[in-house]
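So the chains spell out like this:
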Amino acid sequence: MDREFDGLSDTGTNCNIATNSDSLSENQAKLDTLEKKAVHLRLVLEKDFKAADVKWSLFVAAAFSFRYESCLRPFPPVFIKNGIKDMDELLSVITDVPALDLVLQQLDNLDNLANISDILDLLFYVLVRLKEPSLKTVPPEAHEAILTYTNSSLPAPKPQYIFQCVSSNNSNSELKWKELSKDHKVFYAYYGNRLENFFTILNFGLQQHLNKTTSMGGGVYLTPELSISLPYSHVGFGWGASCLGGHLSCVAMCEVIDAPEGINYQKPVSNEGKGDSAYEDEKNKMIVDQNGGSRLVHYVVTNCDLIKVRYLLVYAKQPTSMRFSSSSSNRDAGLRQWFARHKLFSILLGYGLMLATIGFANNQPIQYYYKFLLKKLDMAISNAKM
């Protein structure tokens, strides 16, 4: 019996050793993967920090939109459980992401990578895995030359930042574009939309479902005038820790293949549902150029394959100096985002605080102690002066 017990004991011990060894191997493999991701992420951040920042900001804006089903495409697959998108977990991880310069500092500490694995995995997916198209910061001195591509004739505020959308020459989208553009001229035009839609636009191009159908039917509305696109580019809340600012608006500068079979050049009669009514009359007018001729102020492109987003013009409402660079400020930004997602609860909480304040103000004992405290403070100040 003793021999049998010893034999069972040895077998059990060997199993435990094997299990611990397998666990250590898995942990080491996971750590190796995190280190590789950290290396790639560092390369992206150091190569073009602002471009990485704005790409992440567009992702955050889409994630916090109530229309995330259409705005957040592609969706991070790790947050899909049994075919269901786990938005609570995704938003929780996003809220924990510190400013990207702090992320760079944390990437130096290899021993700490396991503690930020969720943050590292998500940043790697957005900034490294989704590499086509990539964003490239355009230096300020080149802004004016790029803005002349559309031959605008109306004055418009200049963007603070311009980012070039770059795809590899051998990518499917570029090869398809080259094939379609054969024997056709191209021109540039602007496209405005809400900030939350630009993450999908960046990854999938312009789509008709992002535009409301008007009297001219479905299509993507473009214009050579930046001032006409800006009212459609509503300022949205991107990411509180962004070096560009938390409140951004975005306009796409697109290259368009001039193919008559895919573009409607006629001026629409009405534009219901596409912006402020006060702006529509001005938008529908023809523009008179310096030579006395007139030209259309917009085009309706019915074939989205004819459009290629080449640049993103970014307007930052919040100055760069007001960026949130500390972890405590990042938590404050997360708190504001939480209240923004739970507006009904925030309203009820504020209403409750208002009622409590009114109740305390009309409470006689509280008024007595309040006056008594003021009297004591006045006496203490008088004695201090003496």
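Residues numbered from 1 in each chain as written. Predicted model: local features only at pLDDT ≥ 70, side-chain atom pairs only at ≥ 80, totals over all residues. Heavy atoms only, no water.

Some points on the sheet that holds strand 12 (residues 299-301)
Argument step 1. In space, the 3 strands of this open sheet follow the order 6-12-9, with antiparallel pairing throughout. In this open sheet, the two edge strands, each paired with only one partner strand, are strand 6 (220-222) and strand 9 (263-264). (Pairing = 2+ DSSP bridges. Helix = DSSP H or I, 4+ residues; strand = E, 2+ residues; numbered from the N terminus.)

What to know about empty space enclosed by the protein
Argument step 1. Within this structure, the stated rule accounts for 2 cavities of 30 Å³ or more.
Argument step 2. Reported here for the second largest cavity is a volume of approximately 30 Å³.
Argument step 3. Contributing to the lining of the second largest cavity are Pro98, Val103, Gln106, Ile116, Ile119, Leu120 and Leu123.
Argument step 4. Elements represented by at least two residues in the lining of the second largest cavity include exactly helix 5 (100-107) and helix 6 (117-129).
Argument step 5. Tallying contributions element by element places helix 6 first for the lining of the second largest cavity, with 3 residues. (1 Å grid on protein atoms, 1.4 Å probe; cavity = no way out; pocket = protein on both sides within 12 Å on 5 of 7 lines; lining within 4 Å. Points joined across faces, edges and corners; volume = space filled by probe spheres on them.)

A closer look at the environment of Pro231
Argument step 1. As for its placement among the helices and strands, Pro231 is situated in the loop between helix 10 (226-229) and strand 7 (236-237).
Argument step 2. With 37 residues separating them along the chain, Pro231 and Arg194 place their C-alpha atoms 9.8 Å apart.

Comments concerning the packing of aromatic side chains
We describe a pair of aromatic rings using the distance from one ring centre to the other and the angle between the two ring planes.
Argument step 1. Overall, the coordinates contain 7 aromatic pairs when judged by the stated rule.
Argument step 2. Ring centres 5.3 Å apart and planes at 75 degrees place the aromatic pair Phe59 and Phe199 in the edge-to-face group. On the criterion of sequence distance, the pair formed by Phe59 in helix 2 (residues 49-63) and Phe199 in helix 9 (residues 198-204) is long-range, its members being 140 residues apart. Take Phe59 and Phe199: they sit in the same class, and that class is buried.
Argument step 3. Sitting over the ring of Phe204, Arg73 keeps its end group 4.5 Å from the ring centre.
Argument step 4. Residue placement shows Arg310 over the ring face of Trp177; its charged tip is 5.4 Å from the ring centre. (Phe/Tyr/Trp six-rings, centres within 6.5 Å; stacked < 30°, edge-to-face > 60°. Buried < 20%, exposed > 50% of the residue type's maximum accessible area, 1.4 Å probe, protein only. Lys NZ or Arg CZ within 6 Å of the ring centre and 35° of its normal.)

Topic: the nonpolar core
Argument step 1. Formed by 80 residues in total, the largest nonpolar core has its most connected members in Trp56, Phe59, Ile94, Leu222 and Leu312.
Argument step 2. The element that contributes the greatest number of residues to this core is helix 2, accounting for 10 residues.
Argument step 3. Ignoring anything within four residues of it in the chain, the contact list for Ile94 reads Trp56, Phe59, Val60, Ala63, Phe64 and Leu122.
Argument step 4. Counting 13 residues, the second largest nonpolar core, distinct from the first, contains Val138, Ile146, Leu230 and Leu313. (Core = buried A, V, L, I, M, F, W, Y, C linked by side-chain atoms within 4.5 Å. Contact = heavy atoms within 4.5 Å.)

Some words on the pairing of strand 4 (residues 161-166)
For a regular strand, the rule is simple: side chains alternate between the two faces of the sheet.
Argument step 1. The pairing of strand 3 (residues 134-137) with strand 4 spans 4 bridges and is antiparallel. Following the sheet pairing, Ser134 is matched in strand 4 by Val166.
Argument step 2. Here strand 4 pairs with strand 13 (residues 307-316) via 4 bridges, running antiparallel. If you follow Ile162 over to strand 13, its bridge partner there is Leu313.

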